[in-house]
Amino acid sequence: AKTPVTVTVTGAAGNIGYALLFRIASGGLLGQDVPVRLNLLEIPQAVKAAEGTAMELNDSAFPLLESVNVYDDANKAFAGTSVGLLVGARPRTKGMERADLLEANGGIFGPQGKAINDNAADDVKVLVVGNPANTNAVIAMQSAPDVPNDRFNAMMRLDHNRAIAQLAAKTGSAVADIKKMLVWGNHSADQYPDVSYATVAGKPAPELVDSEWLDSYFVPTVAKRGAAIIEARGASSAASAASSAIDHVYNWVNGTTEGDWVTGGVYSDGSHYGVPEGLIFGLPVTSKGGSWDVVDGLEISAATQAGIDHNIKAAQEELDAVRALGLIK
Ligand code: NAI
């Protein structure tokens, strides 16, 4: 058997946590031959609920689950961690100003980044799910100066999967037939879902759908899907978010499929598609040997460039607000 891997999940007592932990414990995150040690991090008021989930994890008798521990101390929760799933975040409550929301999340992701810096394993990989995910990922990354920047990702995979689902439904095809979907930018309503490079059973997607459907249905439906789920379910996307987090980390660790790519919210070193250095941004990526490579050399239409630029501006404005609060450099 392989050596056990320590995985830390923050916000473990929340909705996404409940959908995520059992998939990790059953081998979905890392592979069916990798034993897992689960560390659950919660705020003190939610530790008891997380302990209840830990009891259920134990009761499921997962052969790959070596241990489950619950903490309210980030230094302990990230000790020896190779995969950190940063799910717990401060949601926006009624009447809350944007600056207050950013500050509250800075107070979570800054200390967690530092705890990762000081305690995690050398090979640590971090996926930030808690919103605003792209900005929270930058805060955590900057708080972990000893960890390479490219180990901090923000989750764009749910947006990517939502875009695949919409295109499959429209074209009457199987999701497995869709390759090279892409959602540029941020996990927010600014995102730019883009089928320019996508194929459906080998045929170019732009030949199968018209631009009217793309502009007036596809893009807004994918970008506003989170709100539609809240409207229908009375609660925000949880199982689909958990499933997409599993997909993201599985591909990061075990590689992507030959001839395809995925959307990853990855660190921009400033050399791709005009995205400035220092943003964590949705880009086309492949993975091999445990690290992402940005797919280069795509031909960018004026519409796509406008979508990218809009997201750059939105990301920078949010980072400027966080910088003004002294949360990042
Ligand atoms: P939830 O409210 O059910 O659970 C959040 C949990 O985080 C709570 O149990 C809370 O006690 C915990 N928490 C808060 N501060 C913490 C801290 N400092 N340390 C550890 N735990 C902490 O929320 P849910 O539905 O599980 O969503 C979690 C986050 O994921 C939200 O920010 C949500 O907006 C975001 N999200 C992101 C998506 C994406 O695609 N990137 C998709 C869906 C949700």
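Above this note sits the structure.
The structure presented is a predicted model; accordingly, all values stated were derived computationally and were not measured.

Novice: Mind laying out the pattern of salt bridges, listing which residues take part and the relevant values?
Specialist: Per the counting criterion, the structure on display carries six salt bridges. Arg323 is the partner of Asp320 in a salt bridge, and the nearest nitrogen-oxygen pair spans 2.7 Å. In this pair, Asp320 and Arg323 both sit in helix 10 (residues 302–324), three residues apart, roughly one turn of the helix. What makes Arg323 partly exposed here is its relative accessible area of 36%.

Novice: Give a description of the pairing of strand 5 (residues 125–128) that names residues and reports values.
Specialist: Going residue by residue along strand 5, you find Lys125 and Leu127 tucked away on one face and Val126 and Val128 tucked away on the opposite face as well. The sheet contact formed by strand 4 (residues 83–86) and strand 5 spans four bridges and is parallel. Bridging from a neighbouring strand, Gly84 pairs with Val126 of strand 5. Handedness of the crossover joining strand 4 and strand 5 through helix 4 (residues 98–119): right-handed. When strand 5 meets strand 6 (residues 152–154), the two strands line up parallel, connected through three bridges. Of the residues in strand 6, the one forming a bridge with Leu127 is Asn153. For the segment spanning strand 5, helix 5 (residues 133–142) and strand 6, crossover handedness is right-handed.

Conventions adopted
- Residues numbered from 1 in each chain as written.
- Predicted model: local features only at pLDDT ≥ 70, side-chain atom pairs only at ≥ 80, totals over all residues.
- Heavy atoms only, no water.
- Salt bridge = Lys/Arg side-chain N within 4 Å of Asp/Glu carboxyl O.
- Helix = DSSP H or I, 4+ residues; strand = E, 2+ residues; numbered from the N terminus.
- Buried < 20%, exposed > 50% of the residue type's maximum accessible area, 1.4 Å probe, protein only.
- Pairing = 2+ DSSP bridges.
- Right-handed = clockwise from strand over helix to strand, strands pointing away.

The values reported here are purely geometric and, on their own, carry no functional implication.
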